[in-house]
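Per-entry structural report
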Amino acid sequence: MSDADLTQKKRRTVWWLSFLVLGMFGFGFALVPLYDLLCQVTGIQSVNIRSTGSANAPYAANLKGVNESRFITIKFDASVHPNLPWEFAPVVRNLRVNPGKQYQVNFSAHNRSSSEVTGQAIPSVAPWQATGHLNKLECFCFNQQTLAGGESVEMPLRFMISPDLPKEISSLTLSYSLMKMEKPVVVQDKAKG
Amino acid sequence: MCRRLTTISRRFLLVAAIVSFQTAHAEYGINFPPPAADVAQEIYDIHMLTMQIATFLLLIVFSFVIYSLYFHRKSRGYPADQNFHNTWFGNWSWVMVPALVLGIDLTIASNADTVLKKVWEVPKGEKLMDVKVTGHQWWWEFDYLDYGIKVESRYIPEEKSGDLYLREVDNRLVLPTGTKIRFLHTSADVLHAFWVPELAFKKDAIPGYVTETWSELNREGVFRGQCAELCGTWHSRMPLVVESVPPEKFDAWVKQQQAIKVAAAEEASSSKAWSKNELITKGKELYETKCGACHQASGMGLPPAFPALNGSAIVNGPVADHLKIVINGKSGTAMQAWGSLNDLEIAAIVTYERNAWDNKSGDVVQPTDVKQAR
Amino acid sequence: MSYTTAINDDAHHHHNPTGWRRWLFSTNHKDIGTLYLLFALSMLFMGGASAMLIRAELFQPGIQLLDPDLYNNLVTNHALLMIFGAVMPAAAGLANWMIPLMIGAPDMALPRMNNLSFWILPAAGTMLILSFVVPFFPGGGSQINTGWTLYPPLSVQVGMSMDFLIFAIHLLGISSVLASINIIVTLLNMRAPGMTLMKMPMFCWTWLVTAFLLILVVPVLAGGVTMLLFDRHFGTSFFDAAGGGDPVLFQHLFWFFGHPEVYVLLLPSIGVLSHVIPTFSRKPLFGYKSMVGAMIAVATIGMVVWAHHQYTIGMSLGAVSYFMIGTIIISIPVGLMIFNFIATMWRGAMTFETPMLFAVAIIMMFTFGGLSGVMLAVVPADMQYHDSMFVVAHFHYVLMPGAVFGLFAGVFYWLPKWTGHMYDEKLAKIFFWVNVIGFNLTFFPQHFLGLAGMPRRIIDYNVMFTEFNVVSSIGAMIFGFSHLLLLYIVIKTIRGGEKATAQVWEGAKGLEWEVPSPPPFHTWETPPSIKQEQQ
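The name given to chain C in an unreviewed UniProt entry is Cytochrome c oxidase subunit 1, and the organism recorded there is Sedimenticola selenatireducens. Taken verbatim from the UniProt record of chain C, the Sequence similarities (unreviewed entry) comment is "Belongs to the heme-copper respiratory oxidase family." UniProt lists a comment for chain C under the heading Pathway (unreviewed entry), and it reads "Energy metabolism; oxidative phosphorylation."

For chain B, the name recorded in an unreviewed UniProt entry is Cytochrome c oxidase subunit 2, with Sedimenticola selenatireducens as its organism. The UniProt entry for chain B carries the following text under Function (unreviewed entry): "Subunits I and II form the functional core of the enzyme complex. Electrons originating in cytochrome c are transferred via heme a and Cu(A) to the binuclear center formed by heme a3 and Cu(B)." Quoted verbatim from the Sequence similarities (unreviewed entry) heading of the UniProt record, the comment on chain B is "Belongs to the cytochrome c oxidase subunit 2 family."

A word on the overall build of chain C
The number of helices and strands found in chain C is 18 helices and zero strands. Its C-alpha radius of gyration of 23 Å places chain C within 12% of the 24 Å reference for a compact globule of 535 residues. For chain C, the spread of C-alpha atoms along the three principal axes comes to 70 × 50 × 45 Å. Buried residues in chain C amount to 73% of all 535 residues. Look at the contacts in chain C between residues 6 or more apart in sequence, and 81% of them connect residues 24 or more apart. Summing over all exposed atoms, chain C offers an accessible surface of approximately 15200 Å²; the carbon and sulfur share of this is 72%. The centroid of the 22 positive side-chain charges in chain C is displaced by 12 Å from the centroid of its 25 negative side-chain charges.

Describing the overall build of chain B
A count of helices and strands for chain B gives eleven helices and ten strands. Computed over C-alpha atoms, the radius of gyration of chain B comes to 28 Å, more than 25% over the 21 Å expected from 2.2 N^0.38 for 374 residues, which places it beyond the range of a compact globule. Judged by the C-alpha coordinates and their principal axes, chain B covers about 95 × 50 × 40 Å. Buried positions account for 54% of the 374 residues belonging to chain B. Partitioning the intrachain contacts of chain B with sequence separation of at least 6 by distance along the chain shows that 61% fall at a separation of at least 24. Carbon and sulfur atoms provide 59% of the accessible area of chain B, an area that totals close to 16300 Å². Distance between charge centroids for chain B: 4 Å, based on 38 positive and 41 negative side chains.

A closer look at the interface of chain A and chain C
Contact with chain A, which involves 38 residues of that partner, is made by 43 residues of chain C. Both faces combined, the contact of chain A with chain C buries some 3400 Å², and carbon together with sulfur accounts for 74% of it. On the surface where chain A and chain C come into contact, there are zero salt bridges. At the boundary of chain A with chain C, the tally comes to two residue pairs in polar contact (both at pLDDT 80 or more). At the level of elements, α1 (3–42), β5 (117–126) and β9 (171–180) of chain A are the ones that each hand at least two residues to the side of chain A that touches chain C. Residue contributions to the side of chain A that touches chain C peak at 19 residues, all from α1 of chain A.

Describing the packing of helix α14 (residues 354–377) of chain C against helix α16 (residues 389–419) of chain C
All names here are of chain C. Orientation of α14 relative to α16, taken along the N-to-C sense of each, is 160°, at an axis distance of 8 Å. It follows from the interaxial angle that α14 and α16 lie roughly antiparallel. Taken as a pair, α14 and α16 cross one another with a handedness that is left-handed. Of the residues that constitute the contact of α14 with α16, the class distribution is 18 nonpolar, eight polar and no charged.

Some points on the sheet that holds strand β8 (residues 152–161) of chain A
Residues and elements named next belong to chain A. Pairing within the open sheet is antiparallel, and its four strands lie in the order β2-β4-β8-β6. Unpaired on one side and paired on the other, β2 (86–90) and β6 (134–139) mark the two borders of the sheet. Across the sheet, the mean angle from the axis of one strand to that of its neighbour is 25°, orientation sign disregarded. Where β2 lies against strand β4 (residues 102–111), five bridges are found, and the strand directions are antiparallel. Paired with Glu 87 across the bridge in β4 is His 110.

Some words on the confidence of the model for chain C
When pLDDT is averaged along chain C, the result is 91, and 96% of the positions lie at 70 or above. Predicted confidence is poor over residues 1–13 of chain C, with pLDDT under 50, and the contacts of this stretch with residues over four places away or in other chains come to 20 contacts.

Digging into the interface of chain B and chain C
The accessible area lost on association of the parts is a frequent measure of interface size. The interface is formed by 95 residues belonging to chain B together with 97 residues belonging to chain C. A combined buried area of about 8400 Å² lies between chain B and chain C, and 70% of that area is made up of carbon and sulfur atoms. One can count two salt bridges joining chain B with chain C. We note a salt bridge from Glu 506 of chain C to Lys 74 of chain B, for which the minimum N-O separation is 2.7 Å. Counting every contact that joins chain B to chain C gives 22 residue pairs in polar contact (both at pLDDT 80 or more). Of all the secondary structure elements, the ones that give two or more residues to the side of chain B that touches chain C are α3 (38–71), α4 (88–120) and β7 (201–205) of chain B. Top element by residues in the side of chain B that touches chain C is α4 of chain B. It accounts for 18 residues. Here the side of chain B that touches chain C is built from residues that sort into 59 nonpolar, 21 polar and 15 charged.

So, the nonpolar core
Formed by 294 residues in total, the largest nonpolar core has its most connected members in Tyr 144 and Phe 194 of chain B. Sort the elements by how many residues they give to this core and helix α5 (residues 68–103) of chain C lands first, with 24 residues. The contact partners of Tyr 144 of chain B, leaving out residues within four places of it in the chain, are Met 129, Asp 130, Val 131, Ile 149, Val 151, Leu 173, Val 174, Leu 175, Phe 250 and Trp 253 of chain B. Grouped together as the second largest cluster of nonpolar side chains are 32 residues, Ile 72, Leu 157, Leu 172 and Leu 178 of chain A included.

Description of a nonpolar patch on the surface
Residues and elements named next belong to chain C. Judged by side-chain polarity, Phe 59, Trp 433, Ile 437, Leu 441, Ile 474 and Ile 478 come together as a nonpolar surface patch covering roughly 530 Å² of accessible area. Those elements that provide at least two residues to the nonpolar patch are α17 (425–452) and α18 (466–495). At three residues, α17 tops the list of elements feeding residues into the nonpolar patch. By relative accessible area, which is 33% here, Leu 441 ends up partly exposed.

Quick notes on the pairing of β7 of chain B
Working note: regular strand, side chains alternate between the two faces of the sheet. All names here are of chain B. Extensive coverage of β7 is indicated by the burial of five of its five residues. Burial along β7 is two-sided: Phe 201, Lys 203 and Ala 205 and Lys 202 and Asp 204, pointing in opposite directions, are all buried. Pairing of strand β6 (residues 192–196) with β7 involves five bridges; the strand directions are antiparallel. Within β7, the residue paired with Trp 195 across the bridge is Lys 202. Between β6 and the antiparallel strand that follows it, β7, lie four residues; Ala 200 among them carries a positive phi value of about 65°.

Remarks on the state of the cysteines
Residue and element names in this part refer to chain A. Throughout the structure, instances matching the rule amount to one disulfide over all chains. A sulfur-sulfur distance of 2.2 Å marks the disulfide that ties Cys 139 to Cys 141. On the S-S bond that ties Cys 139 to Cys 141, the torsion sits near 130°, and the link is right-handed. Accessibility assignment for this pair places Cys 139 and Cys 141 in one class, buried.

Focus: the packing of helix α4 (residues 29–58) of chain C against α18 of chain C
Relative placement of two packed helices is described by the angle separating their axes and the distance separating the axes. Residues and elements named next belong to chain C. At a minimum axis distance of 9 Å, the contact between α4 and α18 shows a crossing angle of 160°. Taken together, the axes of α4 and α18 lie roughly antiparallel to each other. Between α4 and α18 lies a crossing whose hand is left-handed. Contacts between α4 and α18 pair Leu 41, Leu 44, Phe 45, Met 52, Arg 55, Ala 56 and Leu 58 from the former with Asn 469, Ser 472, Ser 473, Ala 476, Met 477, Gly 480, Phe 481, His 483, Leu 484, Leu 486 and Leu 487 from the latter. Across the contact of α4 with α18, the residue classes break down as twelve nonpolar, five polar and one charged.

Section: the domain arrangement of chain B
Looking at chain B, the domain boundaries give domain 1 (1–30), domain 2 (32–120), domain 3 (129–265) and domain 4 (270–373). Distance between the C-alpha centres of domain 2 of chain B and domain 4 of chain B: 60 Å.

Concerning the side chain of Ser 26 of chain C
Locating Ser 26 of chain C in the fold gives a position in the loop between α3 (19–24) and α4. Once you skip the residues sitting within four places of it in the chain, Ser 26 of chain C turns out to touch Arg 21, Asp 31, Ile 32 and Asn 115 of chain C.

Comments concerning the packing of aromatic side chains
Any two aromatic rings considered together are summarised by their centre-to-centre distance and by the angle between their planes. All names here are of chain A. Inspection of the entire model under this criterion finds 81 aromatic pairs over all chains. Geometrically, the ring pair formed by Phe 76 and Phe 159 is edge-to-face, given 5.9 Å between the ring centres and 65° between the ring planes. Taken together, the residues span a long stretch of sequence, with Phe 76 in strand β1 (residues 72–80) and Phe 159 in strand β8 at a distance of 83 residues. Like Phe 159, Phe 76 is buried. Pairing Phe 140 with Tyr 176 gives two aromatic rings, centres 4.8 Å apart and planes at 45°, and the pair type is tilted. Taken as a pair, Phe 140 in the loop between β6 and β7 (145–147) and Tyr 176 in strand β9 lie far apart in primary sequence, 36 residues in all.

The rules behind each value
Residue positions are counted from 1 within each chain, in the order its sequence is given. As they are written, the chains are lettered A onward and the ligands numbered 1 onward, keeping that order. Residues qualify for local features only when their pLDDT is at least 70, as the model is predicted, and side-chain atom pairs are given and counted only at 80 or more; totals for whole chains, interfaces and linings, by contrast, use all residues. Hydrogen atoms and water are omitted, and side-chain values are computed over all heavy atoms in the structure. UniProt positions are given in the numbering used here, feature names are shortened, and annotations may be inferred rather than shown by experiment. Strands here mean DSSP runs of E at least two residues long; helices mean DSSP runs of H or I at least four residues long; both are numbered from the N terminus. C-alpha atoms define the radius of gyration, and 2.2 Å times the number of residues to the power 0.38 defines the globule rule. Exposure is judged per residue with a 1.4 Å probe applied to protein chains only, and the accessible area is read against the type maximum: over 50% gives exposed, under 20% gives buried, and values in between give partly exposed. The criterion used for residue contact is that any of the two residues' heavy atoms lie within 4.5 Å. Under the convention used here, a 1.4 Å probe and the Shrake-Rupley method define accessible areas, while residue burial counts only the protein chains that appear. Under the counting rule used here, the positive set is Lys and Arg, the negative set is Asp and Glu, and His together with the chain ends is not counted. A single reference atom marks each charge: NZ on Lys, CZ on Arg, CG on Asp, CD on Glu. Note on terms: buried area is the combined drop in 1.4 Å-probe accessible area of two parts once they are placed together, counting the loss on both. Only one rule defines a salt bridge in this text: a Lys or Arg side-chain nitrogen within 4 Å of an Asp or Glu carboxyl oxygen. Distance and chemistry together define a polar contact, namely a pair of N or O atoms within 3.5 Å, with one atom able to donate a hydrogen and the other to accept it when in protein, and with adjacent residues in sequence counting only for side-chain atoms on both sides. Between N-to-C directions, angles span 0 to 180 degrees; the directions come from axes that are lines fitted to C-alpha atoms, helices contributing only their stretch in contact. What sets the label is the angle itself: under 35 degrees gives roughly parallel, over 145 gives roughly antiparallel, 65 to 115 gives roughly perpendicular, and the rest give oblique. Throughout, a crossing is termed right-handed when the near helix is turned clockwise from the far one, and left-handed when it is turned anticlockwise from it by less than a right angle. For this classification, Asp, Glu, Lys and Arg are treated as charged, while Ala, Val, Leu, Ile, Met, Phe, Trp, Tyr, Cys and Pro are nonpolar and the rest, including Gly, are polar. Pairs of strands are assigned from DSSP output, requiring at least two bridges between the strands. pLDDT runs from 0 to 100 and stands for how confident the predictor is about each residue. Take the buried residues of types Ala, Val, Leu, Ile, Met, Phe, Trp, Tyr and Cys, join any two whose side-chain atoms come within 4.5 Å, and each joined set is a nonpolar core. Each patch is built from residues that are more than 30% exposed by relative accessible area and take part in no salt bridge. Like charges join if they lie within 9 Å; nonpolar side chains (Val, Leu, Ile, Met, Phe, Trp, Tyr) join within 5 Å. The criterion for a disulfide is a pair of cysteine sulfur atoms lying within 2.5 Å. Domain delimitation in this document rests on an assignment produced automatically or drawn from a domain database. Only the six-membered ring of Trp is used, alongside the rings of Phe and Tyr, when aromatic pairs are assigned; centres must lie within 6.5 Å, and planes under 30 degrees apart are stacked while those over 60 apart are edge-to-face, with the rest tilted.

Okay, here's the thing in structure tokens:
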């Protein structure tokens, strides 16, 4: 093998290895959008999955009608992170509901500070197996919420528990974490779901 | 206790020699403490099973190695078998060994999978008690969602807790036996992890997530654990103490807590003007539980992360600025917002800070001032 | 094969710089290998010093020597110095020295890139040390109290030293990726005629797999810490739940790198063992092909089981079952490797020089660490073990024998080749015994601490944990100081000693033993021809 051949061969190896390196660096970033997909496929849980439920569960449930004989206790809860100067609590703490029926509950929010503050609520359902079966038709968590200084509001949540909720589950807890929005750039859009 | 140690040591083959070493402390352990729930017992059993399999395999490997070390030595004149790798054994061992290991793996995995399902299984029934466990830097908050009770749990300094230092808290997590309890884990700042070995599970507290675990205590007792996920400076000072009591006792405890809550709310909302001494006494106690971890009881802090309050420009400056930082925190630092405290509590803390140690401003901050400052 | 051709043609086409230029501008694989090894040795001492400070603090309950942030800073630094500063460069040093000698190549394929990949390291090391010391200067912000895992949101709270650390990780990553490219190109293109891949010495095979692993995972870590940097300074919310990100995503990115990294540390030492054990057993390696297969299997499975470091984050049943079974399955190829080593010793004619002593210690202790790894893989039980001292004990039992002792074995094995002098066998044996006893004394008791309920990374503990911590700390002092003896032995060997022959060890086989000890500046300028029946 001549020297030129060897150089040629080496160069080719270096090239494809470099592409591999760049590809893997890109893969790291691609994981950000791929993450939710990956989580759905593998069942790893992410903030998005927990809050929106799996993509395929929602509205088909409407067709199955109301199951009047089955009751499920649903509890509501909210934790406000210390840096968000809000009071936030469910007006009704728990409710017995029929699967397939729509319900509306309110959460009362009050901005303790004197300036305008924006918050984001991140919902979570326990047990996690029920996440895809709790359909939120209207929720303050779909968008960021801004309260003026001292403002108090009631925020509505309209939901329905799908009748195909696994039989062994008869008690659900819906928890919201409220966090302050401080950062200007939003990587993923929360407003879906 | 001694009995417990001996039973464990009998099981724990390798340790026999070391066991004789330990003497002094009552709560000494070399294995998991006795489980306090049925599922915890199964976790304990799977732990013992895998450990026994591992010990057995280790003994096999060691005996082959030691046999070989002794007999296959040049100094004993053993001739090297140059064709060992070409015998039938040499040619087929790459199938036999993995098959053997696979068999062992499957034994472990199938046993583990059964237990795993139970740990992960959704508890049935509507009578499910929800306890939300929130990790804070560096204390725990327990919310009994069904009773509207909130408990703040902090470590007790060594002077007061003695031998239980880092294993005892001011307010314990009181739980009833024989009740299915669902724990909801979340965090207010960084990652923490709930770990009480007798309950045999650990769960990370992640801001933005609410994850769940469950347990059903089968015996009374006091079970001690600690935060298990590095959460910053005082990670070591986040003990968890579960007090398991019979349901009747638990109900009494709930009533008592609810009464305390009502009384505190009344006190805070009364429009009474507080005297300086009242505020300072109240403030000292609150300061030492809530602020002392970082700023220290001495007010000297731990610079640079936690500045001293003694002689601090903010504490000795205008009241408004002082209130502002207490209520809103300071972003980008470990100073969190304390706005969730009520007006009276903040007034007491601020009054105390402005009159403690070498700070002699003489200011008295009333709850009404705090209300205005929000 | 004779060596004469190479010795004489030094003069006509090379100029050999002397003094500091020889090292700074070096493109010679042997010099760069030496530089790597010296760098690793200095980092080993720094990482060791931080470990001894940690253990000194834990000697008694209470806070005596350090403050909590400094303690956590040392914990962070110990891990990073050892992994990125000591083990990886030491393994790269062995690769640089030995791969061209073993495959009959005159040098690495890309000598100038080789120079670059080494000289990035001191810069990265400086950056790493700066991240440790910056907080001690006014305005330096808080210390890195996150541990090497750098989990947000805690790592977002840390001051500017975190930025130094992120850049240090970038530099270290670039350095190891460049070194890996170089090694792969060398191994694929520069082998002596007749040396097919399946005739390549095992050490080269292990490095080929390691280099591929590095190329696949290091860029992902680089991406992860870059996102962290953006979150800290540029207002993004990759890991901030309020802004639509996810703190757990970082953990996935980190462990996607972190788990294969374990095999990056481990495999080169497995390669060393595959030479040391046959040499001192005086018979060929048992199961060459199955060894190669097992190694590739370990690397492949190792890439897809990362989440077993995160069982407690709250995954679905399906996901944890998958990660549990995947992790347990790794015991199959690893078990095969251990089996092959024992079978190589079996019916051999063994002698026990220091490299062989280390090899035997590795087989026994690594098996122990591997088995506690199987225990950790079992999800329900891991709900207890996770983040306790049990984990600390486990991974030190895996990495210390699996990586560091393997490197020690390699250093003693090849030191006579590099320096031309035999090391002091008696001192080296003393070093071995003190080292191994110190190691076991340090880490064995930590299993019990973990089971009894002591979490890892705490500066202060309850009195109930005192006894085992005392034992562990005493062991750590013995273990730590024993390395001064290593330093003395190495210096003594470099400076003189009994002359080594070309073959050095009675049972040694392979191209590297055909060049004189020490090898001349240039070797294998005319490639040797391979005729021997491999295995």
